[in-house]
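Listed below, chain by chain, are the residues.
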Amino acid sequence: MAKGKKPLVVVTRKLPDNVELRMRELFDARLNTDDKPLTQAELAEAVKSADVLVPTITDQIDASVLSKAGEQLKLIANFGNGVDNIDVATAVQRGITVTNTPGVLTEDTADMTMALILAVPRRLVEGSHVLTSEKDWAGWSPTWMMGHRIWGKRLGIIGMGRIGQAVARRARAFGLQIHYHNRRKVAPKIEEELDATYWESLDQMLARMDIVSVNCPHTPATYHLLSARRLKLLRPQAYVVNTARGEVVDENALARMLESGDLAGAGLDVFEHEPAVNPKLVKLARQGKVVLLPHMGSATLEGRIDMGEKVIINIRTFMDGHRPPDRVLPSML
């Protein structure tokens, strides 16, 4: 790229207006103003000319797309925390740096996780539907619409990174006992603050929990981490909440157990084959056994703007010849 020339930055989805305005000021920005997801062919075409690609989790930047990349493509600045949509190893092999936007969505995602932890046992969505359905509400009754108390229950967090810890802080304030499984124990100071119990064995933890919250990233090692075998370890009165990635849970096995009554309920903000949602889960949601949300965990204006600012910082740092602060390497996955 010629000195002084603005880099061509291709953005695959519509971003907040002030983020796009800043990108126009700083870069030769090619924006997706109608927010229509790009096809694989369109992504392959984009990487032929882009100096920087800014994809999101809906874009599969796989080896076939990367094989079409021009020599000028040196940075993929992902608009998102996870990078499971990008073949990072192939990108690095081709001399392309990959960055993400960590840390800025922690509190928003933890808020949504806590909302589902409350909503599922207390049947909040079912209760709301009573007042918006065509049938009139008959009024309060001592034995009607009873859920379950969460105070004093055991919460098992799978993945005790930033988001897992933020969930634990919220859950502790609601009187939940904090347990967790992670690749390694967190620092003693954090364990003490959260009064958290570490389980080296995920199987043993699952068998003893009342609520399980999935907060780990999707990697090859965590694909179907909650497999059919592991889901069967849960007690019939247990609940599963997933605000991480749909691929971490075997959805079909989860649906079967909910349908048979081998699990009490689930709250899901992510799905294995987004944007498609398992019809079995939709049916169960209509029956009040599942709360389903359309991947809203990080959907706050503040969070999206923070993500955009991270993307811009990564691009500017890279273009100035320095290592971007949020570089992702295959060894980190």
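Just so you know, these numbers come straight off a predicted model, no measurement behind them.

**Some thoughts on the packing of helix 1 (residues 17–26) against helix 13 (residues 301–319)**
- It is the contact of helix 1 with helix 13, at a shortest axis distance of 9 Å, that shows an interaxial angle of 15 degrees. With respect to helix 13, the element helix 1 is oriented roughly parallel. When the axes of helix 1 and helix 13 are compared, the crossing they make is right-handed. In this structure, helix 1 contributes Asn-18, Val-19, Arg-22, Met-23 and Leu-26 to the contact, and helix 13 contributes Arg-304, Ile-305, Gly-308, Val-311, Ile-312 and Arg-316.

**Remarks on the sheet that holds strand 7 (residues 177–181)**
- Taken in spatial order, the seven strands make up an open sheet running 8-7-6-9-10-11-12, and their pairing is parallel. The sheet is open, and its two borders are formed by strand 8 (196–198) and strand 12 (290–292), each paired with just one other strand. The sheet shows a mean angle of 15 degrees between the axes of neighbouring strands, taken without regard to direction.
- Across four bridges, the pairing between strand 6 (residues 154–158) and strand 9 (residues 211–214) is parallel. Opposite Ile-157, over in strand 9, you have Ser-213 as the bridge partner.
- Against the sheet, helix 7 (residues 162–173) makes contact with strand 6, strand 7 and strand 9, and its axis sits at roughly 170 degrees relative to strand 6, the strand it touches most.

**Let's talk about a nonpolar patch on the surface**
- A cluster of nonpolar side chains, Leu-131, Trp-137, Trp-140 and Trp-144, forms an exposed patch at the surface whose accessible area comes to about 570 Å².
- As for its position among the elements, Trp-137 is in the loop between helix 6 (124–132) and strand 6.
- Its relative accessible area of 47% is what places Trp-137 among the partly exposed residues.

**Here's the deal with the domain arrangement of the chain**
- Domain parsing of the chain yields domain 1 (8–102 + 301–332) and domain 2 (105–292).
- Inter-centroid distance (C-alpha atoms) of domain 1 to domain 2 is 31 Å.
- Across the boundary between the two partners, domain 1 contributes six residues, which contact five residues of domain 2.
- Roughly 590 Å² of surface becomes buried between domain 1 and domain 2 when both sides are summed, with 49% attributable to carbon and sulfur atoms.
- Inspection of the region where domain 1 meets domain 2 yields one salt bridge.
- The partner of Asp-84 in a salt bridge is Arg-245, and the shortest N-O contact between them spans 3.3 Å.
- Of the residues assigned to the side of domain 1 that touches domain 2, the class counts are three nonpolar, two polar and one charged.

**A word on the layout of surface pockets**
- Within this model, the second largest pocket holds a volume of roughly 370 Å³.
- Contributing to the lining of the second largest pocket are 24 residues, with Glu-126, Gln-287, Gly-288, Lys-289 and Val-290 lying nearest its centre.
- Secondary structure elements with two or more residues in the lining of the second largest pocket: helix 5 (106–122), helix 6, helix 12 (279–286) and strand 12.
- Take the lining of the second largest pocket: its biggest share by element is four residues, from helix 6.
- Looking at the lining of the second largest pocket residue by residue, the class counts come to 14 nonpolar, six polar and four charged.

**Here's the deal with the sheet that holds strand 4 (residues 75–77)**
- The six strands are arranged 2-1-3-4-5-13 in an open sheet whose pairing can be described as mixed. Looking at which strands have only one partner, the edges of the open sheet turn out to be strand 2 (28–30) and strand 13 (327–328).
- The pairing of strand 3 (residues 52–54) with strand 4 spans two bridges and is parallel. The residue of strand 4 that forms the bridge with Val-52 is Leu-75.

**Details of helix 13**
- Taking 1.5 Å of rise per residue, 19 residues should cover 27 Å, and helix 13 covers 27 Å from first to last C-alpha, within 8% of that figure.
- Buried within helix 13 we find Gly-303, Ile-305, Met-307, Gly-308, Val-311, Ile-312, Asn-314, Ile-315 and Thr-317.
- Looking one or two residues beyond helix 13, the residue adopting positive phi is Gly-321, at roughly 90 degrees.

**Comments concerning helix 11 (residues 251–260)**
- Residues Glu-251, Ala-253, Leu-254, Ala-255, Met-257 and Leu-258 constitute the buried set of helix 11.
- Residues of helix 11 that are buried make contact with helix 10 (228–231), strand 10 (239–242), strand 11 (265–268), helix 12 and strand 12.
- Immediately downstream of helix 11, the backbone of Gly-261 shows phi near 85 degrees, a positive value.

**Points about the pairing of strand 7**
- Burial within strand 7 is extensive, with four of its five residues counted as buried.
- Across five bridges, the pairing between strand 6 and strand 7 is parallel. Bridging across to strand 7, Gly-156 finds its partner in His-179.
- Where strand 7 lies against strand 8, three bridges are found, and the strand directions are parallel. Bridging across to strand 8, Ile-178 finds its partner in Ala-196.
- Once the chain exits strand 7 it traverses helix 8 (residues 188–194) before rejoining the sheet at strand 8, and the crossover so formed is right-handed.

Reading the values: rules and limits
Residues numbered from 1 in each chain as written. Predicted model: local features only at pLDDT ≥ 70, side-chain atom pairs only at ≥ 80, totals over all residues. Heavy atoms only, no water. Axes fitted to C-alpha atoms, helices over the stretch in contact; angles between N-to-C directions. Helix = DSSP H or I, 4+ residues; strand = E, 2+ residues; numbered from the N terminus. Parallel < 35°, antiparallel > 145°, perpendicular 65-115°, else oblique. Left-handed = near helix turned anticlockwise from the far one by under 90°. Contact = heavy atoms within 4.5 Å. Pairing = 2+ DSSP bridges. Patch = residues over 30% accessible without salt bridge, like charges linked within 9 Å, V, L, I, M, F, W, Y side chains within 5 Å. Areas by Shrake-Rupley, 256 points an atom, 1.4 Å probe, with all protein chains shown as cover. Salt bridge = Lys/Arg side-chain N within 4 Å of Asp/Glu carboxyl O. Buried < 20%, exposed > 50% of the residue type's maximum accessible area, 1.4 Å probe, protein only. Domains from an automatic or database assignment. Buried area = accessible area lost by both parts, 1.4 Å probe. Nonpolar A, V, L, I, M, F, W, Y, C, P; charged D, E, K, R; others polar. 1 Å grid on protein atoms, 1.4 Å probe; cavity = no way out; pocket = protein on both sides within 12 Å on 5 of 7 lines; lining within 4 Å. Points joined across faces, edges and corners; volume = space filled by probe spheres on them. Expected span 1.5 Å × (residues − 1). Right-handed = clockwise from strand over helix to strand, strands pointing away.

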